[in-house]
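Here is how the chains run, residue by residue.
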Amino acid sequence: MSNIVAIVGRPNVGKSTLLEIITENLKSDSGTLKWGQTIHTTYFPQNTTDIVKGGMKIYEWIQSFSKDWHIDDIRKALGRMLFRGDEQEKTVDALSGGEEHRLMLSKMMMDSANMLILDEPDNHLDLEAIIALGEALHSYESNVLLVTHDRELIDAFANRILEIKDGKLIDFRGNYEEYVEAFAE
């Protein structure tokens, strides 16, 4: 069973900053982070504009990360994120915000990571794409750290809730509905 941890809290309490520290994109003020030897991470940042760019076709963009990735596997990953047929011929610079997010998720599928770190991956996604994301999380068999404001997504898949509140971290093992019941004010 996968361990899907949702990080929740009010806006601007540091959820994205925590993920940036965890992914070592930002240095922490104190403490250390040490991943286990078998952990391979992949990260979906809240802002993908600096990553998802260029004039390549979307399958070429994904393949630019590893020449070992077979084009058939790339096309299947794109299909799972709703890029079908001629849509796979689009260039990266012609994508909408939602399509950029779906492309980033397709690339992450190719990473073969056992630890997904997702910072609001459902932003800019339509309902069909959010459902596809949910199905991917449901079938994913490893670990996920997820920041999202979509409480239904959290409740459907998270089995652990971390809330950042008043500068402290509340660690709850259970789904979001159970968490709300336990900490109702």
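Our structure's up above, just so we're on the same page.
Overview of the structure. Small disclaimer: the values here were computed from a predicted structure and weren't measured. (Residues numbered from 1 in each chain as written. Predicted model: local features only at pLDDT ≥ 70, side-chain atom pairs only at ≥ 80, totals over all residues. Heavy atoms only, no water.)

To continue, consider the pattern of salt bridges. Under the definition given, this model contains five salt bridges. The partner of E99 in a salt bridge is K90, with the nearest N and O atoms 2.3 Å apart. Taking relative accessible area as the criterion, K90 reaches 28% and is therefore assigned partly exposed. In this structure, a network of salt bridges that share partners links the residues K57, R75 and E89. (Salt bridge = Lys/Arg side-chain N within 4 Å of Asp/Glu carboxyl O. Buried < 20%, exposed > 50% of the residue type's maximum accessible area, 1.4 Å probe, protein only.)

Turning next to helix α1 (residues 15-22). Taken as a whole, α1 has its buried residues at K15, L19 and I22. When α1 is viewed along its axis, its buried side chains cluster within an angular range of 60° and face the same direction. Of the surrounding secondary structure, the elements contacted by the buried residues of α1 are β1 (3-8), β2 (41-44), β3 (115-119), β4 (143-147) and β5 (160-165). Looking one or two residues beyond α1, the residue adopting positive phi is E24, at roughly 65°. (Helix = DSSP H or I, 4+ residues; strand = E, 2+ residues; numbered from the N terminus. Arc of directions from axis to C-beta. Contact = heavy atoms within 4.5 Å.)

The next point concerns the nonpolar core. Counting residues in hydrophobic clusters, the biggest one holds 42 residues, and the most contacted among them are L103, L118, L137 and I161. In terms of nonpolar packing, the next biggest core, distinct from the first, is built from 11 residues, I7, M115, L145 and L162 among them. (Core = buried A, V, L, I, M, F, W, Y, C linked by side-chain atoms within 4.5 Å.)

What follows covers the environment of L82. The topology assignment puts L82 in the loop between α3 (71-80) and α4 (97-110). Distance in space between the C-alpha atoms of L82 and F44 is 18 Å, their sequence separation being 38 residues. Residues within four places of L82 in sequence aside, it is in contact with E87, R102, E128, A129 and A132.

Once that is clear, we can look at the sheet that holds β3. Strand order in the open sheet made by the six strands is β2-β3-β4-β1-β5-β6, with mixed pairing throughout. Each having just a single partner strand, β2 and β6 (168-173) make up the two edges of the open sheet. Here the average twist between neighbouring strands, direction ignored, is 15°. Both β5 and β6 contribute to a ladder of six bridges, which runs antiparallel. Bridge assignment links I161 to a residue of β6, and that residue is F172. Here α1 sits on the sheet and contacts β1, β2, β3, β4 and β5; the angle it forms with β3, its principal contact strand, is near 145°. (Pairing = 2+ DSSP bridges. Axes fitted to C-alpha atoms, helices over the stretch in contact; angles between N-to-C directions.)

Another aspect to go through is the packing of aromatic side chains. With the rule as written, the count across this model stands at five aromatic pairs. With a centroid separation of 4.9 Å and 35° between ring planes, the pair formed by Y179 and F183 is classed as tilted. Given the relative accessible area of 5%, Y179 is considered buried. For F183, a relative accessible area of 41% corresponds to the partly exposed category. Counting every residue linked through ring pairs, the aromatic cluster contains F172, Y176, Y179 and F183. Positioned above the aromatic ring of Y59, the side-chain terminus of R75 is 4.3 Å from the ring centre. Of note, K107 hangs over the ring of F65, and the distance from its end group to the ring centre comes to 4.6 Å. (Phe/Tyr/Trp six-rings, centres within 6.5 Å; stacked < 30°, edge-to-face > 60°. Lys NZ or Arg CZ within 6 Å of the ring centre and 35° of its normal.)

The subject of this paragraph is α3. Buried residues of α3: I74, A77, L78 and G79, and no others. Check the buried side of α3 and you find it contacts α2 (58-63) and α4.

Further remarks concern the environment of G85. On the secondary structure map, G85 appears in the loop between α3 and α4. In this structure the C-alpha to C-alpha distance between G85 and T48, which are 37 residues apart in sequence, comes to 24 Å.

Further remarks concern the environment of I39. Counting through the fold element by element, I39 comes out in the loop between α1 and β2. The residues contacting I39, other than those within four sequence positions of it, are N114 and M115.

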